[in-house]
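Below, each chain spelled out in residue letters.
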Amino acid sequence: SNSSSITEFLLLVFTSTRELQLLHFWLFLGIYLAALLGNGLIITAIACDHHLHTPMYFFLLNLSILDLGSISTTVPKSMANSLWDIRAISYAGCAAQVFLFVFFISAAFYLLTVMAYDRYIAICQPLHYGTLLGSRACVHMAAAAWGSGFLNSVLHTANTFSIPLCQGNALDQFFCEIPQILKLSCSHSYPREVGLYVISACLFFVCFIFIVLSYVQIFRAVLKIPSEQGRHKAFSTCLPHLAVVSLLVSTGMFAYFKPNSISSPSLDLVVAVLYSVVPPAVNPLIYSMRNQELKDALRKLKKL
């Protein structure tokens, strides 16, 4: 077969046993509803509480929107396939899924880089916080994250779906993922996508180094704070962000840049769940668990 004759792709079936298919449906439904509820509460709390109209919470609101987008791109289709015992996704649907997922994931990572800069300025240069992170600067940085994610997604989607496919149409993944589509390509037919991979990897690596260096400076500054309460408050705003970055970067980089020699359907599936499903569901919990201001805003919201 070739890409011109393919009208649909076949996604990975978790199991052929009907009872386990329904178990997968209910499990993913629970995770999806938790992600919707958690991120929805954070968005509503930040939007409604004027005390949270600060750069840090503005970026967190954007991250919650991106998390909702990314999990809504992959999980509902997988749930529907398990519920109705099907595995097909149309060619156009697969392209749309790749585009949206890469867009939301890329934009989220760029936004996490901006959030590291926000924490660096707040803790290491607090006197300049108001001038360096004014409302206009925050909007520009958030727009840059969204725009960069969009550009990255357009380039990768266009290149991936312009590659001739000669290895059938069955994907070893529960959603349309670029590495799995490239496995279907004709041999030596995707140098442009490999080039884009390298460019994206370099860009992500620069962002990651920036995040690491920012946190080195942050922790050095926090350890110099004389009061234990001050150190606790500083760590409470930084550690959740660091945990989110670590989970997304480690699993995402492994999924897209691991050697084929260690690739297997079960390993690819676990890694994909860890970077595509888990972060959107647990991010609201991570960010609210140690954040007293957000907890107070959620309590106010609960009383309304």
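Here the structure is a predicted model, which means the values were calculated and not measured.

S.K.: Whenever I open this one, the overall build of the chain confuses me. Can you help?
M.R.: The helix and strand inventory of the chain stands at 11 helices and 2 strands. Listing each helix as α and each strand as β along the chain from the N terminus yields β-α-α-β-α-α-α-α-α-α-α-α-α. Its C-alpha radius of gyration of 21 Å places the chain within 12% of the 19 Å reference for a compact globule of 304 residues. Across the 304 residues that make up the chain, the buried fraction comes to 47%. Contacts in the chain between residues at least 24 apart in sequence constitute 76% of all its contacts with a sequence separation of at least 6.

S.K.: How should the side chain of Ser70 be read in this particular structure?
M.R.: Following the sequence through the fold, Ser70 ends up in helix 2 (residues 55–84). Residue Ser70 is classed as buried on the basis of its relative accessible area of 2%. Dropping the residues within four chain positions of it, Ser70 is found in contact with Phe101, Phe104, Ile105 and Pro280.

S.K.: I tried to follow the packing of helix 2 against helix 3 (residues 91–124) on my own but got confused; where do I start?
M.R.: The geometry of a pair of packed helices is captured by two quantities: the angle between their axes and the separation between those axes. Taken N-terminus to C-terminus, the directions of helix 2 and helix 3 make an angle of 160°; their axes are 9 Å apart at the nearest point. The orientation of helix 2 relative to helix 3 falls into the category roughly antiparallel. Judged by the twist between their axes, the crossing of helix 2 over helix 3 is left-handed. Classifying every residue of the contact of helix 2 with helix 3 gives 16 nonpolar, 6 polar and 3 charged.

S.K.: What exactly am I supposed to notice about the packing of aromatic side chains here?
M.R.: Two descriptors summarise a pair of aromatic rings, namely the distance from one centre to the other and the angle between the planes of the rings. All told, the structure shown has 17 aromatic pairs when counted by the stated rule. Considering the side-chain rings of Tyr117 and Phe210, the 6.4 Å spacing of their centres and the 35° angle between planes classify their relative orientation as tilted. Here Phe210 lies in helix 7 (residues 191–223) and Tyr117 lies in helix 3, a separation of 93 residues in the sequence. In this structure Phe210 comes out as partly exposed when scored by relative accessible area, which is 35%. Judged by centre distance (5.8 Å) and plane angle (45°), the rings of Tyr215 and Phe219 are tilted. With Tyr215 and Phe219 both in helix 7 and 4 residues apart, the pair spans about one turn of that helix. On the basis of relative accessibility, which here comes to 23%, the residue Phe219 falls in the partly exposed class. Ring pairing ties together the aromatic residues Phe28, Phe101, Phe174, Phe175 and Tyr275, which thus form one cluster.

S.K.: What is the right way to read the packing of helix 1 (residues 18–48) against helix 2 from this model?
M.R.: For the pair helix 1 and helix 2, interaxial distance at closest approach is 9 Å and the crossing angle is 160°. Judged by the inter-axis angle, helix 1 sits roughly antiparallel to helix 2. In this structure, helix 1 crosses over helix 2, and the sense of that crossing is left-handed. A breakdown of the residues in the contact of helix 1 with helix 2 according to their chemical character gives 22 nonpolar, 7 polar and 2 charged.

Conventions adopted
- Residues numbered from 1 in each chain as written.
- Predicted model: local features only at pLDDT ≥ 70, side-chain atom pairs only at ≥ 80, totals over all residues.
- Heavy atoms only, no water.
- Helix = DSSP H or I, 4+ residues; strand = E, 2+ residues; numbered from the N terminus.
- Rg over C-alpha atoms; globule rule 2.2 N^0.38 Å.
- Buried < 20%, exposed > 50% of the residue type's maximum accessible area, 1.4 Å probe, protein only.
- Contact = heavy atoms within 4.5 Å.
- Axes fitted to C-alpha atoms, helices over the stretch in contact; angles between N-to-C directions.
- Parallel < 35°, antiparallel > 145°, perpendicular 65-115°, else oblique.
- Left-handed = near helix turned anticlockwise from the far one by under 90°.
- Nonpolar A, V, L, I, M, F, W, Y, C, P; charged D, E, K, R; others polar.
- Phe/Tyr/Trp six-rings, centres within 6.5 Å; stacked < 30°, edge-to-face > 60°.

Keep in mind these values describe shape, not function.
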